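Chain residues, written in single-letter form:
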Amino acid sequence: MAATDFKDYYAILGLNKTASSDEIKKTFRKLARKYHPDMNPGNKEAEARFKEVNEAYEVLSDPEKRKKYDQYGQYWKQAATTPGGWPGGGATNVDFGGVDFSEYGSFDEFINALLGRAGSSAGSGRNGKWNYSNYRTSSGGPTGFGGFEDFAGYENRTAGSSLDTEVAISLTLGEAFRGTSKRVATGEVSIPAGVKTGSKIRIKGKGQVDPYTKQQGDLYLKLEVLPHAFFQFEGENLVCEVPITPDEAVLGASIEVPAPEGPITVKFPAGMRSGQSLRLRGKGWPKPKKNERTDLLVKIAIVPPKELSTVERECYEKIQANRTFNPRSNLNQMVL
């Protein structure tokens, strides 16, 4: 990545490098809601900002990615695809300048040989086949490593430690509902329909590569579903709130209600109260690996008009003057 392509993820979220994980998450949720395409239909600038905010959160919410980003800056992606963050390492076809690492039992042995420390056979590998002086560059580092300073990010992976990698991915509610594909460092990955925040997907053989044994771990996708402006989760079900007018509440009505696949017509019975719900069975969230759906709960909110026409006001006044129902009739008995 060129220096001019570098994105300051902290600046994108309006945070500094000392921000806690909770601060990052809280800020992300606020910005994601502000720039979400559903909240800004047709606004390309908001859509671009939403993608930037999502990209920044995907990196800074992952402790390992954030560590690489803080340490390597514009080169963090290269570091993230190598074992322990060693720039230029980890791939089977990388040129290590002729160095045969099978000559070393550990990274410490290699460093001792590199620096000519005690216990290193005077700068050679265990079998004396490699001499550091034969592989120096103009910067003082060994050929293929870009200078000794590049060793700073290398983590000496001990025997038995995991090669598995975890990647955090954020999805819109629509992506999670329908299923989608996302690009990660190892390539394109498919995400099935019906995942939720906290879901994990295992992809075999796409984790880190052991530079000695060439064994490869697994990749785990840790998923987060972004907040939606209309639909929320209530347990396994989806829930939404729909406003109705006072006359619809009194008389009942058939109205269109948004659903995940598009509006559906729902008949409300007479006498509905604010806070009551209608259950639309099988119209909620997909159940992974099953050809089933949870329910959609439609909560009612009775909304009185703020402005009335002359005819409407006359009608409401007439209703008020002739009303026989008193919902407060039993309140006069409520005493301490």
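See above for the structure.
Because the structure is a prediction, the values reported are computed rather than measured. (Residues numbered from 1 in each chain as written. Predicted model: local features only at pLDDT ≥ 70, side-chain atom pairs only at ≥ 80, totals over all residues. Heavy atoms only, no water.)

Student: Would you take a moment to explain the environment of Val266 for this structure?
Tutor: With respect to the helices, strands and loops of the structure, Val266 is situated in strand 9 (residues 264-268). Judged by its relative accessible area of 6%, Val266 is buried. Separated by 12 residues in sequence, Val266 and Ser254 have C-alpha atoms that sit 5.5 Å apart. Setting aside chain neighbours within four positions, we find Val266 in contact with Ala253, Ser254, Ile255, Val257, Leu278 and Leu280. (Helix = DSSP H or I, 4+ residues; strand = E, 2+ residues; numbered from the N terminus. Buried < 20%, exposed > 50% of the residue type's maximum accessible area, 1.4 Å probe, protein only. Contact = heavy atoms within 4.5 Å.)

Student: Looking at this structure, I do not really get the packing of helix 2 (residues 21-35) against helix 3 (residues 44-60). What am I missing?
Tutor: A packed helix pair is summarised by two numbers, namely the angle formed by the two axes and the spacing between the axes. In the contact formed by helix 2 and helix 3, the axes pass within 9 Å of each other and the chain directions differ by 160°. In terms of orientation, helix 2 lies roughly antiparallel with respect to helix 3. Two packed elements cross with a definite hand, and for helix 2 against helix 3 that hand is left-handed. Between helix 2 and helix 3, the contacting residues are Ile24, Lys25, Phe28, Leu31, Ala32 and Tyr35 on the first element and Ala46, Arg49, Phe50, Val53, Asn54, Tyr57 and Leu60 on the second. Tallied by class, the residues present in the contact of helix 2 with helix 3 amount to 10 nonpolar, one polar and two charged. (Axes fitted to C-alpha atoms, helices over the stretch in contact; angles between N-to-C directions. Parallel < 35°, antiparallel > 145°, perpendicular 65-115°, else oblique. Left-handed = near helix turned anticlockwise from the far one by under 90°. Nonpolar A, V, L, I, M, F, W, Y, C, P; charged D, E, K, R; others polar.)

Student: I keep staring at the side chain of Asp218 and nothing clicks. Help me out?
Tutor: Turning to its location among the elements, Asp218 is positioned in the loop between strand 4 (200-203) and strand 5 (219-225). Exposure remark for Asp218: the relative accessible area of 11% places this residue in the buried category. Once you skip the residues sitting within four places of it in the chain, Asp218 turns out to touch Leu163, Asp164, Thr165, Arg202, Ile203, Lys204, Gly205, Lys206 and Gly207.

Student: What's the story with the pairing of strand 11 (residues 296-302) in this structure? I'm lost.
Tutor: For a regular strand, side chains alternate in direction, first toward one face of the sheet and then toward the other. Judged by how many residues are buried, strand 11 sits mostly within the fold: five of seven residues are covered. Relative to strand 11, strand 7 (residues 237-244) is paired through seven bridges, and the arrangement is parallel. Residue pairing across strands places Glu241 opposite Lys299, the latter belonging to strand 11. In this structure, strand 10 (residues 277-280) lies alongside strand 11, joined through four bridges in antiparallel fashion. The residue bridging Leu280 from the neighbouring strand is Leu296, located in strand 11. (Pairing = 2+ DSSP bridges.)

Student: Any chance you could explain the sheet that holds strand 11 here in plain terms?
Tutor: Pairing between the strands of a sheet comes from backbone hydrogen bonds, and it takes one of two forms, parallel or antiparallel. Read from one edge of the open sheet, four strands run 6-7-11-10, paired in mixed fashion. Each having just a single partner strand, strand 6 (232-234) and strand 10 make up the two edges of the open sheet. The average angle at which neighbouring strand axes cross in this sheet is 35°, direction not considered.

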